[in-house]
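# Chain and residue survey
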Amino acid sequence: MPTIDQLLADPTQSLADPIALVAAGGFRWGQCEAKLYDPTSPDFDQPFLYSLYERTRLSGQRHPRALNILDLGTLGALPILFCGSVNLGPDAICAYLSQRAVCVVGEWRSGEVTARLTDSENPQVEFDAGPERFHPLGYCFPSHPVTTSPLSLTGQPSNSLFAGYTFFSECWRTPAQHVLMYLGLAWLFSTFSLAAIHGTRYSDNHLTARWTRQFGFRDCGTLPYYMLREPGGPLVSATFAVLEREEFERRLRGVLEEVRKDSIPS
C-alpha cells in the first residue's frame, strides 16, 4: 500500500476527497501513522491498554492544579480525557477502552543500534539498527455508540459520534502532534462514515478548546450542571463542540496542497 507521501508525489492524484486520499495511504504520513488497536498484532505489546492508561496518567499532571483539584494530581490527563467519570482506576478505564475501537497514533522509530566486529583480516566495527517499531504517542476513540443514518448505506458519509482523544506529554508542541491529529481525525471520519464528530469538555478546559479549533471544531453551546468533576462534588458545566466533515476536508486539503507544493519541483 502506498503511503500518503507517495500519493502526494503523483501530481495526477486528486485532492478532491482528502480523507479518501489519506485512507488510501494507509493513514501513514512520513513516520507517523494512525492505526486500529489490534490485541493480536505484534505492534502492540501486552498489556497494551494498561500501558495507554499509565502513559495517560503520567502526562499532563499540571492540568488538575489549574482546575483546582489537588487530590487528582496523580491522575495526570485522565480526568480531562474521561471527563465526567468518577472511577478513573485502571480496571475501569481499561475495561471501557476494550469495548471501543481505539485508534492509536504514533510514529515508527528505528530499533536499538548495536555494534559488531566484521569477520575479516582487517576487523572493522559495523553498526546495525534494529527493525522499526511503532511507538504510540496518543490515541482517540468513540466515547459513545455511533449515531447512524440510513444514508450511510448508500456510501454517503452521514453518521456522527462523540470522540475522545489525548496525546502523551513527549508529543506536545512537536510537528508530529499536528500530523497525528489530522491522521486520527481522518481515521475516525473514514472508518465510521461520519458527517460530523462531536466533543464534550469541561467548560474551563481552554487548552482543548484552543487546540481543537485549529482543526475546525466550533463550540455549539454550554450546559450548566451537566458533569461530575470529582466524587462527591457538585455538577459542573460542559461545553459541546462539533467538527463537520466539510470543514475538516477543507483544512486537510489545504495542508496536503502545501505539502505537495513543497515536494513537487516546479
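Up top is the structure.
Figured I'd write up the structure that's included with this text. Worth saying up front: this structure is predicted, and the values here are computed from it rather than measured.

### Overview of the overall build of the chain
- Across its full length, the chain carries nine helices and 10 strands.
- Expressed as a percentage of the 266 residues in the chain, the buried residues total 44%.
- Of the contacts made within the chain by residues no fewer than 6 positions apart, 66% connect residues no fewer than 24 positions apart.
- As presented, the chain carries roughly 14000 Å² of accessible surface, and 55% of it is formed by carbon and sulfur atoms.

### Topic: the pairing of strand 8 (residues 194–202)
- Bridge count for strand 7 (residues 159–167) against strand 8 is four bridges, and the pairing is parallel. Looking at the pairing, Asn159 lines up with Leu194 of strand 8.
- In this fold, the crossover linking strand 7 to strand 8 by way of helix 7 (residues 175–191) has right-handed handedness.
- For strand 8 and strand 10 (residues 235–244), the ladder comprises seven bridges, and the chain directions are antiparallel. Within strand 10, the residue paired with Ile197 across the bridge is Leu243.

### Let's talk about the nonpolar core
- Formed by 40 residues in total, the largest nonpolar core has its most connected members in Phe248 and Leu256.
- Sort the elements by how many residues they give to this core and helix 7 lands first, with 10 residues.
- If we skip the residues at most four places from it in the chain, Leu256 touches Ile4, Leu8, Leu15, Pro18, Leu21, Val22 and Trp29.

### Quick notes on the side chain of Ser152
- Structurally, Ser152 can be placed in the loop between strand 6 (133–142) and strand 7.
- Since its relative accessible area comes to 18%, Ser152 is described here as buried.

### A closer look at the sheet that holds strand 6
- Here we have eight strands laid out as an open sheet, ordered 1-2-3-6-7-8-10-9, and mixed in their pairing. Looking at strand neighbours, the two that pair on one side only are strand 1 (28–29) and strand 9 (218–228), the edges of this open sheet.
- Strand direction decides the pairing type here: strand 1 and strand 2 (residues 32–36), joined by two bridges, are antiparallel. From the neighbouring strand, Arg28 faces strand 2, where its bridge partner is Glu33.

### Examining unusual backbone geometry
- In this model, Gln46 is joined to Pro47 through a cis peptide bond whose omega is 0°.
- Position of Pro47 among the secondary structure elements: in the loop between strand 2 and helix 3 (48–57).
- With a phi close to 55°, Phe27 is a non-glycine residue in the positive phi region.
- Topologically, Phe27 is positioned in the loop between helix 2 (18–24) and strand 1.
- Judged by relative accessible area, which is 10%, Phe27 ranks as buried.
- Phi is positive for Ser193, which is not a glycine, with a value near 50°.
- Its place among the elements puts Ser193 in the loop between helix 7 and strand 8.

Cut-off values and rules
- Residues numbered from 1 in each chain as written.
- Predicted model: local features only at pLDDT ≥ 70, side-chain atom pairs only at ≥ 80, totals over all residues.
- Heavy atoms only, no water.
- Helix = DSSP H or I, 4+ residues; strand = E, 2+ residues; numbered from the N terminus.
- Buried < 20%, exposed > 50% of the residue type's maximum accessible area, 1.4 Å probe, protein only.
- Contact = heavy atoms within 4.5 Å.
- Areas by Shrake-Rupley, 256 points an atom, 1.4 Å probe, with all protein chains shown as cover.
- Pairing = 2+ DSSP bridges.
- Right-handed = clockwise from strand over helix to strand, strands pointing away.
- Core = buried A, V, L, I, M, F, W, Y, C linked by side-chain atoms within 4.5 Å.

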